[in-house]
Amino acid sequence: MKSFSLFAPYSEGVQLVGSWSDEPVAMGKDDKGYWHAEVDLPDGRHCYKFRLKSLSPFMSGQTVDITDPMARMIDENNDDASVVILQGGKDITTAPDFAWQHDDKPLPQDNELSIYELHVGEFSFHDGRQGSFSDLIARLDYLRDLGINAVEIMPVAAFPMGRSWGYNVRHPFAVETAYGTPEDFKRLVDECHARSMRLIMDIVLNHTEVENPLNKIDFYYWFRDPREGEQSFGPKFDYEGVDDKLGIRPAFQFGLEVARYWVQEYHIDGCRLDATAVLGNFEFVRAVRETAKAHAGGKPFYIVAEHIPEDPSIAGPEAPTDGAWHQKFEFVAVETLCESEGWSAGKMLEVLNPRNDGYVSPGRVVNYIESHDEFTLMGRLGEAGILGDKAARKNKLGATLLFTAVGNPMIYQGQEFGGHRPRDTEIRPLQWELLKADYGLHLKEHYAFLAKLRQSSPALKGEEFENIYLEEKEKVIAYRRGYGEAQVLVVANLEDQDKTLTLPFPDGAWHELTFDYDIDSKDGKLSDTFPASSAKIYVHR
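Residues numbered from 1 in each chain as written. Predicted model: local features only at pLDDT ≥ 70, side-chain atom pairs only at ≥ 80, totals over all residues. Heavy atoms only, no water.

1. Some thoughts on the overall build of the protein chain
Then, number 1: Within the protein chain one finds 15 helices and 30 strands.
Then, number 2: A compact globule built from 541 residues would reach a C-alpha radius of gyration of about 24 Å, and the protein chain, at 26 Å, matches this within 12%.
Then, number 3: Each principal axis of the C-alpha atoms in the protein chain carries an extent, and together these give about 90 × 45 × 45 Å.
Then, number 4: Out of the 541 residues in the protein chain, the part that is buried amounts to 60%.
Then, number 5: Excluding contacts between residues fewer than 6 apart, the proportion of contacts in the protein chain whose partners are at least 24 apart in sequence is 68%. (Helix = DSSP H or I, 4+ residues; strand = E, 2+ residues; numbered from the N terminus. Rg over C-alpha atoms; globule rule 2.2 N^0.38 Å. Buried < 20%, exposed > 50% of the residue type's maximum accessible area, 1.4 Å probe, protein only. Contact = heavy atoms within 4.5 Å.)

2. Things to note about the sheet that holds strand β28 (residues 517-521)
Two pairing modes exist for strands in a sheet, parallel and antiparallel, and in both the strands are linked by backbone hydrogen bonds.
Then, number 1: Here we have 6 strands laid out as an open sheet, ordered β23-β24-β25-β30-β27-β28, and antiparallel in their pairing. Either end of the sheet is taken by a strand with one partner, and the two such strands are β23 (464-471) and β28. Taking each pair of neighbouring strands and ignoring which way they run, the sheet shows an average axis angle of 25°.
Then, number 2: Summarising the sheet, strand β25 (residues 486-493) and strand β30 (residues 534-540) pair through 5 bridges and their orientation is antiparallel. In the sheet register, Leu489 faces β30, and the bridge partner there is Tyr538. (Pairing = 2+ DSSP bridges. Axes fitted to C-alpha atoms, helices over the stretch in contact; angles between N-to-C directions.)

3. Notes on the side chain of Ser534
Then, number 1: You can see Ser534 is positioned in strand β30.
Then, number 2: In terms of polar contacts, Ser534 uses its side chain to reach the backbone carbonyl oxygen of Pro531, at 2.7 Å.
Then, number 3: If near-sequence neighbours (up to four positions away) are discounted, Ser534 is found in contact with Leu397, Val491, Ala492 and Asn493. (Polar contact = N/O pair within 3.5 Å; in protein donor to acceptor, adjacent residues only side chain to side chain.)

4. Quick look at the side chain of Lys536
Then, number 1: Relative to the helices and strands, Lys536 is located in strand β30.
Then, number 2: Side-chain polar atoms of Lys536 contact the side chain of Tyr517, separated by 2.8 Å.
Then, number 3: Once you skip the residues sitting within four places of it in the chain, Lys536 turns out to touch Leu489, Val490, Val491, Glu512, Thr514, Phe515, Tyr517, Asp528, Thr529, Phe530 and Pro531.

5. What about the sheet that holds strand β11 (residues 115-118)?
Then, number 1: Spatially, 8 strands are ordered β20-β19-β18-β15-β12-β11-β22-β21 in an open sheet, and the strand pairing comes out parallel. Edge positions in the sheet fall to β20 (323-324) and β21 (366-368), since each of these pairs with one other strand and no more.
Then, number 2: Across 2 bridges, strand β19 (residues 302-305) lies against β20 in parallel orientation. Paired with Ala305 across the strands is Ala324, a residue of β20.
Then, number 3: Helix α4 (residues 182-194) contacts β12 (150-153) and β15 (198-203) of the sheet and is inclined by roughly 135° relative to β15.

6. Observations regarding the pairing of strand β29 (residues 525-530)
Then, number 1: Across the two faces of β29 the burial differs, with Leu526, Asp528 and Phe530 buried and Lys525, Ser527 and Thr529 not buried at all.
Then, number 2: When strand β26 (residues 499-504) meets β29, the two strands line up antiparallel, connected through 6 bridges. Each residue of the ladder has a partner; that of Pro504, found in β29, is Lys525.

7. Considering helix α10 (residues 327-337)
Then, number 1: Of all 11 residues in α10, 8 are buried, a share of seventy percent or more.
Then, number 2: Taken as a whole, α10 has its buried residues at Phe329, Glu330, Val332, Ala333, Val334, Glu335, Thr336 and Leu337.
Then, number 3: Packed against the buried residues of α10 are α11 (345-351), β21, α12 (377-383) and α13 (388-404).
Then, number 4: Taken from the residues just after α10, Glu339 is the one with a positive phi, measuring 55°.

8. A look at the state of the cysteines
Then, number 1: This structure, assessed with the given rule, holds 0 disulfides.
Then, number 2: Here Cys271 is not disulfide-linked; the sulfur of Cys192 is the nearest cysteine sulfur, at 14 Å.
Then, number 3: The class of Cys271 is buried, set by a relative accessible area of 3%. (Disulfide = S-S within 2.5 Å.)

9. Structural notes on the packing of aromatic side chains
Then, number 1: Under the definition given, this model contains 38 aromatic pairs.
Then, number 2: On the basis of an interplanar angle of 80° and a centroid distance of 5.7 Å, the ring pair of Tyr261 and Trp262 is categorised as edge-to-face. Exposure class is identical for Tyr261 and Trp262. Each is buried.
Then, number 3: A cation over a ring is seen here: Arg272 above Trp325, with NZ or CZ 4.4 Å from the ring centre.
Then, number 4: Above the ring of Trp343, the side-chain terminus of Lys475 is found at 4.6 Å from the ring centroid. (Phe/Tyr/Trp six-rings, centres within 6.5 Å; stacked < 30°, edge-to-face > 60°. Lys NZ or Arg CZ within 6 Å of the ring centre and 35° of its normal.)

Laid out in structure tokens, this is it:
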């Protein structure tokens, strides 16, 4: 017998409608608000929905057939019917017996990440179509060789039409079928672990898509009206709503179940929480963090918030999340690299240490220059009239600042070879052809050098940061990163002019990594040449 259930405490009657019969099955209700039915089904794939009278005011009591709000698979070609697959009388919809091969593989800690944000369909796009989980697996070695140890995927919970950035989630428990099956997604996670790479999933809990089943069952039981001046991306969950009769907080509980499910079922290693400022409930965000970590099987689990405008109180040991996107870094870095009016070396030096912006755990903050929400760096440089070799120099300089700042660096797909595609919601391939030119290849090699340096350097994974030098007129900054006896010193010439300088510097015998040569400093000074728009990295030899 296969059991079906639906939580709809104030519906007056619910029927189960299935592909196995033309006749609906009446469901019975328990005292906790759940409707239940059991059906004797043969092995195979079955589709089903629930039939009930809507309590949402905009549906005026219409009788509707709705997808299971907790469906783990959707048939998009059958009006989004819920899917269950039986074999030997057992529910195998999500491949529960998947043989995890690499769960015991050591993974980087939360302050050791070099993150690569990607869209599954775009990153693995080929032969004129968007890619799948299996296609992405085929490109994981590229990311490993780039020095990436954390893959952050844009949302993969089921959305309509099969081509989307994924932030219009309709079915939060179901894997998007355009990318593959639950088993395919598990294989992707497992293959990331095989390469000691963590998989961070972008999860949308602030809102849902308008055709979400809960929207049709009882809107005001689950959702709230937008607040004045608030951005609206779809129905917003009411995480403050309470059902006094049942003594529960329905949306709050539902959101936590979404988080628990993806962590426990798919063994993911972190979540990026979308739009937590719009979500506006620190208590709920904290509960998501606690729930996720409790079901992560003892391995590191990273919760990072996209909280814009920034509020550093969202992140820290006692805060709702572990880390947060450091938007100010992106703003100042782009302003500096594009030589925008009023740009300042001092501001760039300051933003390299997130503690200056109020973060109590700066090592777990995420710094970035590009993400899915920003235009590409190369596009912005072009708009500023910075092209050709100068643009390449600026990109490399930005990468060095990014990977030597305090916090976890994140790059967006294609950034490492100077991608400059239009930034819109059309699904299109990356510009892999740029790697066939010296321009793109040398950029990628520089990113790989920096990512591998970060992985091997305790100093770059710690939180120590010391300003060594700031010359606003010359647009030169210098800073020290340290952890115990490990030290990394960086001198950045932010201006596009070659310079020969003598600046304060610890005495010692040094090796410069970017241009690969030895140099000594004495009497507290270092004399060296600094090419236009470049940064040099010094370590003890």
